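Fold and contact review
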Amino acid sequence: MDLKTEAEMLHKVPMFSRLELSKLKLLAFTSELCTFDGGEVLFEAGDAADSAYVIMEGEVEIVVETGAGPVVEGVLGPNELFGELGVLTNSPRSATIRARDGLVALRISDEMFLKLLAENPEAALDVMRQLSDKLVRSQDQFIGLQKQLREQESVRA
Amino acid sequence: MESTIFKFVLKYSLREQILLLVLTVASFPFFYLLLYLPKVIVNEAIDTDASAFPVEVFGVELGQIEYLLTLCAAFLGLVLVNGGFKYFLNVYRGVVGERMLRRLRYDLFVRMLRFPLPRFRRTSQGELVSTIVAETEPLGGYIGDSIALPAFQGGMLVTLLIFMFIEDPVLGAAAIALYPIQAWLIPKLQKKLNARKKEKIRLARALSERIGEVATGIREIHTHDTTRLERADYTGRVGDIYRVRVQIYRLKFFIKFINNFIAQITPFFFYSIGGYLVIEGDLTFGSLVAVIAAYEKLADPWKELLNFYQVKEDAKGKYELLLESFQVPGMIEQEQIDVEPETQTPITGVLVATNLDLKEEDESETTFPGGLSLTADLPASLAIVGGPGSGSDRFAHILAGLKRPATGQLLAGAFDLLTSPEAVTGRQIAYVGPETSLFSGTLRDNLLYGLKHRPIRDAAYDGPGRAQWERRRTEAARAGNSLHDFHADWIDYAGAGVADVDSMRARAIEVLSIVDMDDDVYQLGLQSSVAPDAVPELARGVLEARKMLRTRLADLRVAHLVDPFDRDAYNVNMTVAENLLFGTPKDRTFDPEDLAGNAYVRKVLDDVGLMDDFVGIGRQVAEVMVDLFADVEPGSELFEQFSFISAEDLPEFRGLLARTESDRPDDLDGDDRTMFLSLTFRLVPARHRLGLIDEPMQERLVLARRRFSEGLGADRTPIEFFDPERYNASVSILDNILFGRLAYGRQRSAQRIGGLIGEVVDALDLRRAITECGLDYPVGIAGSRLSTAQRQKLAIARSVLKRPDVLVIDRATAALDASAQDRILDNLLKEFGSRALIWVVHRASLAERFDETIVLEGGKVVEQGAFAELNRPGTVLHRMALAG
């Protein structure tokens, strides 16, 4: 894998799709191309968020700890970006990420990621849109849950 | 110290000064003869009628030629004698001056050692350095001249004056008529000058102090952006010094001017008054001429004396200032640091403090009134609990002998601790405070520092070495310096409870584990490089560990985490240059910074036909970099972290690329090729992922590597090649075991491999030997290469190693994490089971594990007893324990 391929892969990430290829090349060059074995943990829930990742090859599992033990909540594949919200909000990782089989991912340091956003309003806007989406979704969920709760209470009453 | 420099000179160099004087006087007849002889040769041997010969000289008859030759031989002999006198006098003057200078510097240093400790709060390092080193320097010159010069020149002057007065009292009087004016005026001016000079010295001291402070506080200056303020302050200071120095120049040359003027105005009197007298017939013409000639002779010694006067005044003033800062009240008595007790009895029994005065000299009577009193049985472990202002830190200082209170008493069994010499307080008591000082040197030096009270065994000298040491010792005695040999073996093995060097080594490591520092030192040892000849067993073990690690990696199926050194394979985790050298440079022949310009390297590349390819790759790298970093602002740290080309060099490369766009690699000239080549050399294929070093290229590079090593010849190469069977002395033990590079892009591989190496090291029982290598780690100035926690631990270890009867610890573990604190506390309680451990704890709850707890408030014991009994609602201890 060389820089050019990596930059093209990055280009397919929605957040980066409007950036010039030359900027993505620099991003790739300043990032670390990491290799993971199947089952290897990239980071665990609660770890400090010091980087975001873009998958180049392979898949990862999102593992969430529940009362009944760890549950795989989702799978991400090539050209997907993850770990960026932790970097943005400067909060610990919310879930554990594990490589499914062999995985190659580009590790973008928090510094570089924030710098990229600061210098590229389009990307920043995209992040904002994503965050608002998430907010709307969780608000919907919240309202739905509240409604359920009220219904159950009225049934009991 | 003597009250004036003259007394100092008389007291310590009178004999030498007299010798100088005698020799100076003795040299005079020869000097006179040397001046006189040419006249005799011309008048009596050359310009004389032949009839006057033969002449009789000492009973031998000589013809004219023989007489001439005899006189010439005498002349030659006199030249030699005179030169010899001058040479010897100059050297001896220098020796006397230097010897005295050495004594003065030694005295000042010893005085500094005896300063009462609070003095160091007011005197800065910079000032001490500048006084002891710089201010004493010019005194040496004066001391050599201090008696002989004025005596000799004064004698000349008096002789000439007597001659003049005999010739003619009036003109004699005229010649010295203006001396009284000079004698009145010059000291007045000189006084002003002296004052200025003192001011200059004070300003220079303040300047040194400030420079020292700035150097120490450099971080603060940058974090607060105050370089402008500092520059302005500095400007003001050097400006003041400039002003004073200019004043000094004015005064100095004004004095010179007056002296010259007076010297030249005297002939005016001769010509006018003398001439008048001759014309009137009261004086013969011959007398006037003689007197004028004599006056001219007078000018020289007079000038010398006036010059000397200035030098003397200068030296006097400097000495007074030295005295001012080194004559300090409350100095530690000389005996206290000198006394060597014949026997050593352990400090044990009841510790009784009575009305110990805790206050500092500048504090009022109402601080800690009445002083501190307490009683406790030793040996035991005592915890002292007290917040700020409780006086606990001061009590710890008194216990350690660091503070000698004005009033009060402190007894421990038979010992009066307040009057005990440092040979007792510094050997049988150890103290570790919250701030520690390490000295530059190795970790071992610092660890053993507390055992070096006096030389225990003479150094082993060979014949010439012994003679040299004897000479040095004799000279040291002449200057009143220390007669102890610094190179002797000072380590008090018995004091540490061990028999010899080997058991000391084992004990040192044991003590390191007591203070929870063994692993730190092991890691430092891993990072250190050792000469395999010095530790052959370890070197063999490391080679074994290298093999074992390889097997372990394979067994665990993680071999891919390390890219091993293999002579026949390209290593994508090293730079191109490293791949080519395939070893570590032992000297500057293959300077990694300038490899591209190295003729041999270029020849090898040419031979294997890689040169043009490499230049081409370098050009591609340059293109990528220029492209990637085009929009990055020059100050960005991205350049430093990632770019092959620095921000300053980027335009140059851009120009180079544009200029050579249409050139083929072999069209470029030497310098351009070097520039491109240097970029290629820094490529690490696995990391940079530029796709420029493909596999065929890698194979050719391995070929070039072979050619490179073969061309250098088998032995004594400037490169230590990576050889699986050999220990590489130029890299660390860790790198020797790893024998390869960590593979790029593997998270946490450093920790995993570190863990595996630890396993291998333990399996082969190498940990102790590696830890011992860590003892050779240089700690840097004031231990700056260690972390704060490491410094604290080392300071405690140093005190434990000397096996004191009483160990006083004052909040020395506050900088450590809680688990390390607990471990160290437990270990020390165990270690000091039968000896006394007195610990001023920084958290009241820590007192729980001690035999007895003493709670201090406002310099008084408010509670004392077992922790469990004291720790109940309503007690001070309970309140403090709750507060944390």
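The following paragraphs examine the structure supplied in this document. Keep in mind that this is a model prediction, so the values were computed, not measured.

Residue and element names in this part refer to chain B. Taken in spatial order, the six strands of this open sheet run 8-13-14-5-15-16, and their pairing is mixed. At either margin of the open sheet sits one strand with a lone partner, and together these are strand 8 (429-432) and strand 16 (860-865). Strand-to-strand twist across the sheet, computed as the mean angle between neighbouring axes with direction ignored, equals 15°. Of the strands in this sheet, strand 5 (381-385), strand 8, strand 13 (806-810), strand 14 (836-841) and strand 15 (852-857) are in contact with helix 13 (residues 392-399), which crosses strand 13 at around 150°.

In the segment running from Leu378(B) into Pro379(B), the intervening peptide bond is cis, with an omega of -5°. With respect to the helices, strands and loops of the structure, Pro379(B) is situated in the loop between strand 4 (372-378) and strand 5. The phi dihedral of Asn79(A) falls on the positive side, at around 70°, and the residue is not glycine. Topologically, Asn79(A) is positioned in the loop between strand 5 (69-76) and strand 6 (81-82).

With 78 residues, the main nonpolar core has Phe16(A), Phe614(B), Phe629(B) and Phe681(B) as its most contacted residues. In terms of residue count, helix 23 (residues 611-628) of chain B provides more of this core than any other element does, nine residues in total. Once residues lying within four places of it in the same chain are set aside, the contact partners of Phe629(B) are Leu26(A), Phe29(A), Leu638(B), Phe639(B), Phe642(B), Ser643(B) and Leu650(B). Formed by 55 residues, the second largest nonpolar core is a distinct cluster that contains Val511(B), Leu837(B), Ala847(B) and Val876(B).

Side-chain direction in a regular strand flips from residue to residue, so the side chains alternate between the two faces of the sheet. Residue and element names in this part refer to chain B. Only one face of strand 4 is buried: it carries Leu372, Leu374, Ala376 and Leu378, and the other face, with Ser373, Thr375 and Asp377, is open. For strand 3 (residues 349-356) and strand 4, the ladder comprises six bridges, and the chain directions are antiparallel. The residue bridging Leu356 from the neighbouring strand is Leu372, located in strand 4.

The subject of this paragraph is the interface of chain B and chain A. With 23 residues of chain B in contact, the opposing surface of chain A contributes 27 residues. In total, about 2000 Å² of surface goes out of reach between chain B and chain A, with carbon and sulfur atoms giving 50% of it. When residues of chain B are sorted by the area they lose upon contact with chain A, Leu628(B), Arg689(B) and Gln747(B) head the list and together hold 36% of the total. On the surface where chain B and chain A come into contact, there are three salt bridges.

Residues and elements named next belong to chain B. Following the criterion strictly, the structure yields 66 salt bridges over all chains and no others. Residue Asp233 pairs with Arg210 through a salt bridge whose shortest N-O separation is 3.1 Å. One end of the pair, Asp233, is in helix 10 (residues 227-280); the other, Arg210, is in helix 8 (residues 179-216), and 23 residues separate them in sequence. Counted as one network, the salt bridges with shared partners bring together Arg210, Glu213, Glu230, Asp233 and Arg237.

Attention now goes to a negative patch on the surface. On the surface, Glu20(A), Glu122(A), Asp627(B) and Asp631(B) cluster together into a patch of negative charge. Here Glu20(A) lies in the loop between helix 1 (3-11) and helix 2 (21-29).

Rules used in this analysis
Residues numbered from 1 in each chain as written. Chains lettered and ligands numbered in written order. Predicted model: local features only at pLDDT ≥ 70, side-chain atom pairs only at ≥ 80, totals over all residues. Heavy atoms only, no water. Pairing = 2+ DSSP bridges. Helix = DSSP H or I, 4+ residues; strand = E, 2+ residues; numbered from the N terminus. Axes fitted to C-alpha atoms, helices over the stretch in contact; angles between N-to-C directions. Contact = heavy atoms within 4.5 Å. Core = buried A, V, L, I, M, F, W, Y, C linked by side-chain atoms within 4.5 Å. Buried < 20%, exposed > 50% of the residue type's maximum accessible area, 1.4 Å probe, protein only. Buried area = accessible area lost by both parts, 1.4 Å probe. Salt bridge = Lys/Arg side-chain N within 4 Å of Asp/Glu carboxyl O. Patch = residues over 30% accessible without salt bridge, like charges linked within 9 Å, V, L, I, M, F, W, Y side chains within 5 Å. Areas by Shrake-Rupley, 256 points an atom, 1.4 Å probe, with all protein chains shown as cover. Lys, Arg positive; Asp, Glu negative; His and termini not counted. Charge placed at Lys NZ, Arg CZ, Asp CG, Glu CD.

So yeah, pure geometry; function would need other evidence.
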